[in-house]
Amino acid sequence: GLGDVYKRQVLRNLLATLLEIDEAEIESCHIENPIELGKEIEGKECILDVKLTLNNDKVINIELQVYKQTHWINRSLLYWARTYDNLKSGQDYSMLLPAYHIGILDFTLFENHPKFMAQYQILDVEDGYLYSDKLCIKVLDLTQLEKAKQEPETNKKLLKWASIFKAETLEELEQLASGEEVFENMVVTMKKLSEDEKIRMQCEAREDYERSLLTEYNAGKSEGIEQGIQQGIASERRNTEKERQRAEKESQRADALAAEVERLRALLK
């Protein structure tokens, strides 16, 4: 549908920006997993997690992490290794595609080495000679946005995307998107996702409410039955006690009569 077209346009723009290439260089972009975009942006739960094949010659993971991940470095290496290890039976090593792991993080990975956009590869530690371009991990640090705005050489598209990821409300997004079709389309899509999510949440809330009522009813019913049983037992106990008391009185009366009969017999002798 139209929403999917918009999402692909937005993804192409983001991909070109993160890889620092021109959009025209993107001939094909095949998404390997469904994009999760949305819940409510105002809840800061906007998640992007996508794996895709670019131009049939690169495999790329892009993920957005809003909350600080202690083991993100290890995790990124594991994600990269899994992505790179994609040979099928019968294929030789030349078929391995370069694998990129791109993290958009709202925290600083290395406190002593803060960078707005960093690119990591395997290099000779002495002279920086590249070992292989098949490993690439890129990190966009959203916390460095304000500092990056002050530096004239910063990529303007990267600044725009970082601002979009930092936005906390749809109103902020609308302001950022103003005048650029691809971003305006993105906001329309996100608004729809947000509304769909609200509707879903309302439905869930209604279901929860009805489920709660049913639970309360069942609990009340169980309690009523239990109460009834207890009352019955108590009633039975009361009745039994009355019977015992009545029997005791009867026994006492019988004893008294027996004593009276014995007294009269003694008098008649």
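Small disclaimer: the values here were computed from a predicted structure and weren't measured. (Residues numbered from 1 in each chain as written. Predicted model: local features only at pLDDT ≥ 70, side-chain atom pairs only at ≥ 80, totals over all residues. Heavy atoms only, no water.)

1. Details of the overall build of the chain
Next, step 1: On a plain count of helices and strands, the chain comes out with six helices and six strands.
Next, step 2: When each of the 269 residues of the chain is scored for burial, the buried share is 30%.
Next, step 3: By sequence separation, contacts in the chain at least 24 residues apart represent 55% of the contacts at least 6 residues apart.
Next, step 4: When the accessible surface of the chain is totalled, it reaches about 18000 Å², and 53% of it is carbon and sulfur. (Helix = DSSP H or I, 4+ residues; strand = E, 2+ residues; numbered from the N terminus. Buried < 20%, exposed > 50% of the residue type's maximum accessible area, 1.4 Å probe, protein only. Contact = heavy atoms within 4.5 Å. Areas by Shrake-Rupley, 256 points an atom, 1.4 Å probe, with all protein chains shown as cover.)

2. Here's the deal with the confidence of the model for the chain
Next, step 1: Averaged over all residues, the pLDDT of the chain equals 78, while 71% of them reach at least 70.
Next, step 2: Looking at the elements of the chain, mean pLDDT is at its lowest for helix α6 (residues 181-268), recorded as 67, and at its highest for strand β5 (residues 117-123), recorded as 95.
Next, step 3: Residue range residues 36-46 is modelled with pLDDT below 50. Its contacts to residues more than four positions away, or to other chains, number 38 contacts. (pLDDT = per-residue confidence, 0-100.)

3. Notes on the nonpolar core
Next, step 1: Ranked by size, the top nonpolar core spans 41 residues in total, and within it L15, L18 and I60 carry the most contacts.
Next, step 2: Sort the elements by how many residues they give to this core and helix α1 (residues 2-19) lands first, with seven residues.
Next, step 3: Leave out the neighbours within four places in its chain, and I60 touches L15, L19, V50, K51, L52, L54, Y100 and I102. (Core = buried A, V, L, I, M, F, W, Y, C linked by side-chain atoms within 4.5 Å.)

4. Considerations on the packing of aromatic side chains
Next, step 1: In total, this model carries three aromatic pairs according to the counting rule given.
Next, step 2: With 6.1 Å between their ring centres and 70° between their planes, F110 and Y120 make a pair best called edge-to-face. Residue F110 is located in the loop between β4 (99-105) and β5, and its partner Y120 is located in strand β5; the two are separated by 10 residues in the primary sequence.
Next, step 3: The exposure class assigned to F110 is partly exposed, which follows from its relative accessible area of 29%. (Phe/Tyr/Trp six-rings, centres within 6.5 Å; stacked < 30°, edge-to-face > 60°.)

5. Topic: the pairing of strand β6 (residues 130-141)
Next, step 1: The sheet contact formed by β4 and β6 spans seven bridges and is parallel. Following the sheet pairing, I102 is matched in β6 by K138.
Next, step 2: The pairing of β5 with β6 spans six bridges and is antiparallel. Bridging across to β6, I122 finds its partner in S132.
Next, step 3: Adjacent in sequence and paired antiparallel, β5 and β6 are bridged by six residues, among which G128 carries a positive phi angle near 75°. (Pairing = 2+ DSSP bridges.)

6. Observations regarding the pattern of salt bridges
Next, step 1: As enumerated under the stated definition, the model contains four salt bridges in all.
Next, step 2: Between K138 and E20 there is a salt bridge, and its shortest N-O distance comes to 2.8 Å. Within this pair, whereas K138 is found in strand β6, its partner E20 is found in the loop between α1 and β1 (29-31), the two being separated by 118 residues in sequence.
Next, step 3: For E63, the salt bridge identified is with R75, shortest N-O distance 3.0 Å. Residue E63 is located in strand β3 (residues 58-65), and its partner R75 is located in helix α2 (residues 72-84); the two are separated by 12 residues in the primary sequence.
Next, step 4: Given the relative accessible area of 4%, E63 is considered buried.
Next, step 5: Owing to a relative accessible area of 23%, R75 belongs among the partly exposed residues under this scheme. (Salt bridge = Lys/Arg side-chain N within 4 Å of Asp/Glu carboxyl O.)

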